[in-house]
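# Results of the structural survey
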Amino acid sequence: MAASRIVIENCAIATVDANDTEYASGYVVVADNLIESVGAGSAPAGLENVVRRVDGTGHLLTPGLVNTHHHFYQWITRGLATDHNLFNWLVALYPTWARIDESMARAAAQGSLAMMARGGVTTAMDHHYVYPRGSGDLSGAIIGAASETGVRFTLARGSMDRGESDGGLPPDFAVESLDDALSATEATVDRYHDDSFDAMTQIAVAPCSPFSVSTELMRQGAELARRKGVRLHTHGSETVEEEQFCKELFGMGPTDYFESTGWLGSDVWMAHCVHMNDSDIAAFARTGTGVAHCPSSNARLGAGIARVPDMLKAGVPVGLGVDGTASNESGELHTELRNALLVNRLGAHREAALTARQALRLGTHGGAQVLGRAGQIGSIEAGKLADLVLWKLDTLAHSSIADPVVALILGAAAPVTLSLVGGRTVVEDNHLTTVDEDAVARSTRTEARRLARITAAG
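The present account deals with the structure reproduced in this document. Everything numeric in this text was worked out from a predicted model, so none of it was measured.

Bringing empty space enclosed by the protein into the picture now. Counted under the stated rule, the structure contains 3 cavities of 30 Å³ or more. Looking at the largest cavity, its volume works out to about 150 Å³. Lining of the largest cavity is provided by 17 residues; of these, Leu86, Leu90, Tyr129, His235 and Glu238 occupy positions nearest its centre. Among the elements that make up the lining of the largest cavity, the one with the highest residue count is helix 1 (residues 86-97) (4 residues). Computed from the structure, the second largest cavity encloses a volume of approximately 40 Å³. Ala14, Val16, Asp20, Glu22, Arg357 and Leu360 together form the lining of the second largest cavity. Of the residues contributing to the lining of the second largest cavity, the split by class is 3 nonpolar, no polar and 3 charged.

Rendered as structure tokens:
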């Protein structure tokens, strides 16, 4: 059967390929779910079976955005503990999070995914680690919501086995035993992980953090992931207190602890990595360990400024993350493109920290690297999956910025005229085509109120 083609033309294009190729006015041809060709000027004449032509005049076409760290369930606890550091924020919110159930998890995932997708995210991930007893099939609910939204998705199946009675923060009924965590994680991989080129759902093994899981869960989790051929994810070096905790409990800093438990490697990515010294960065570069940079959340919780310019210079793979919306209430990735540039210019490198094009690379190709999918997504190149976003830049908000990439990164959030995932339309004229946004909003409000009532009742 002949391929169905979509032609997008007359737009500026930032391919984010290895050479950062850009076209002031160019075209992309999509054949079924793949990018068939990209170039300057008009699309080739005589294309067969063209089912749609899109005039991109006044627009910038980029690869779809890739989110590398999130906690979807937090959508229904936004706006709480707004003046807390990380530790106090966790103490304040764990009693609420420990009461989530399947219905809440599904609604929260729908809200998180809808907000990201309508803002240009075509590949999302969720690090879900709260599995209270009797809460239902949380992983299935989250994966189902991603399937409905139509974005590519990695569920980092998290776990915690260090509850209050063991010196951890979560209530004991909200953590799993070592054996239960490992068996449930393996079952999730077996049921849902797809390693094909155009996979829509993948699974990673993701114990929550060094201070909420046992060393044995870290070690056996790494062994499980490598036996199953999936990636590994956790939080790392987020705060100064975490480093102190690791030194007191394990006699070494976070990076050395991760290495001792098998948690450095090209199949691993860590969230945050704010407090990294030169030797930590060198270890990540040497092993190919990736980083999910979450500038808005780091600022919201006062965690600090990650050394992203130094990581990039050393060769560390770095992508961007929204993080949970209890610490980044906007819940969309464009904010992170802008804040990655702005926040890092407050650090040691000042105005030389990051450029607009480096920020775009973090949110696209960098994220694809971190998720292990750089061969399939993250740049506009023939043969890659047709995950594309067409940003409208001819409105008042961007009217006097000549450089379209600068307009996208430093300007106001640009409307999404078209977003494709594998050639399938997910956003049209700044609205989702796959789910009812108003219905999602109603559902998340209802579940947030129900959770608040349950928490208040104790």
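Picking up after the structure, the text goes on.
Attention now moves to the packing of helix 11 (residues 334-344) against helix 12 (residues 356-370). For the pair helix 11 and helix 12, the least separation of the axes is 9 Å and the interaxial angle reads 135°. The orientation of helix 11 relative to helix 12 falls into the category oblique. In this structure, the crossing between helix 11 and helix 12 has a hand that is right-handed. Contacts between helix 11 and helix 12 involve Leu337, Ala340 and Leu341 from the first element and Ala356, Ala359, Leu360, Leu362 and Gly363 from the second. When the residues that make up the contact of helix 11 with helix 12 are grouped by side-chain class, the tally is 7 nonpolar, 1 polar and no charged.

It is worth spelling out the environment of Ser42 at this point. Structurally, Ser42 can be placed in the loop between strand 3 (34-40) and strand 4 (50-55). Relative accessible area serves as the criterion here: at 55%, Ser42 is assigned to the exposed category. Taking the C-alpha atoms as reference points, Ser42 and Cys11, 31 residues apart in sequence, are found 9.9 Å from one another.

The strands making up a sheet are joined through hydrogen bonds of the backbone, oriented either antiparallel or parallel. Pairing in this open sheet of 8 strands is parallel, and the strands run 6-7-8-9-10-11-12-13 from one edge to the other. A strand with exactly one partner marks an edge of an open sheet, and here the two such strands are strand 6 (65-66) and strand 13 (318-320). Here strand 9 (residues 201-207) runs beside strand 10 (residues 231-236); their pairing, made up of 2 bridges, is parallel. Counted as the bridge partner of Ala204 is Arg231 from strand 10. Packing against the sheet, helix 4 (residues 178-192) makes contact with strand 8 (152-159) and strand 9, and its axis sits at approximately 165° to strand 8.

Conventions used here
Residues numbered from 1 in each chain as written. Predicted model: local features only at pLDDT ≥ 70, side-chain atom pairs only at ≥ 80, totals over all residues. Heavy atoms only, no water. 1 Å grid on protein atoms, 1.4 Å probe; cavity = no way out; pocket = protein on both sides within 12 Å on 5 of 7 lines; lining within 4 Å. Points joined across faces, edges and corners; volume = space filled by probe spheres on them. Helix = DSSP H or I, 4+ residues; strand = E, 2+ residues; numbered from the N terminus. Nonpolar A, V, L, I, M, F, W, Y, C, P; charged D, E, K, R; others polar. Axes fitted to C-alpha atoms, helices over the stretch in contact; angles between N-to-C directions. Parallel < 35°, antiparallel > 145°, perpendicular 65-115°, else oblique. Left-handed = near helix turned anticlockwise from the far one by under 90°. Contact = heavy atoms within 4.5 Å. Buried < 20%, exposed > 50% of the residue type's maximum accessible area, 1.4 Å probe, protein only. Pairing = 2+ DSSP bridges.

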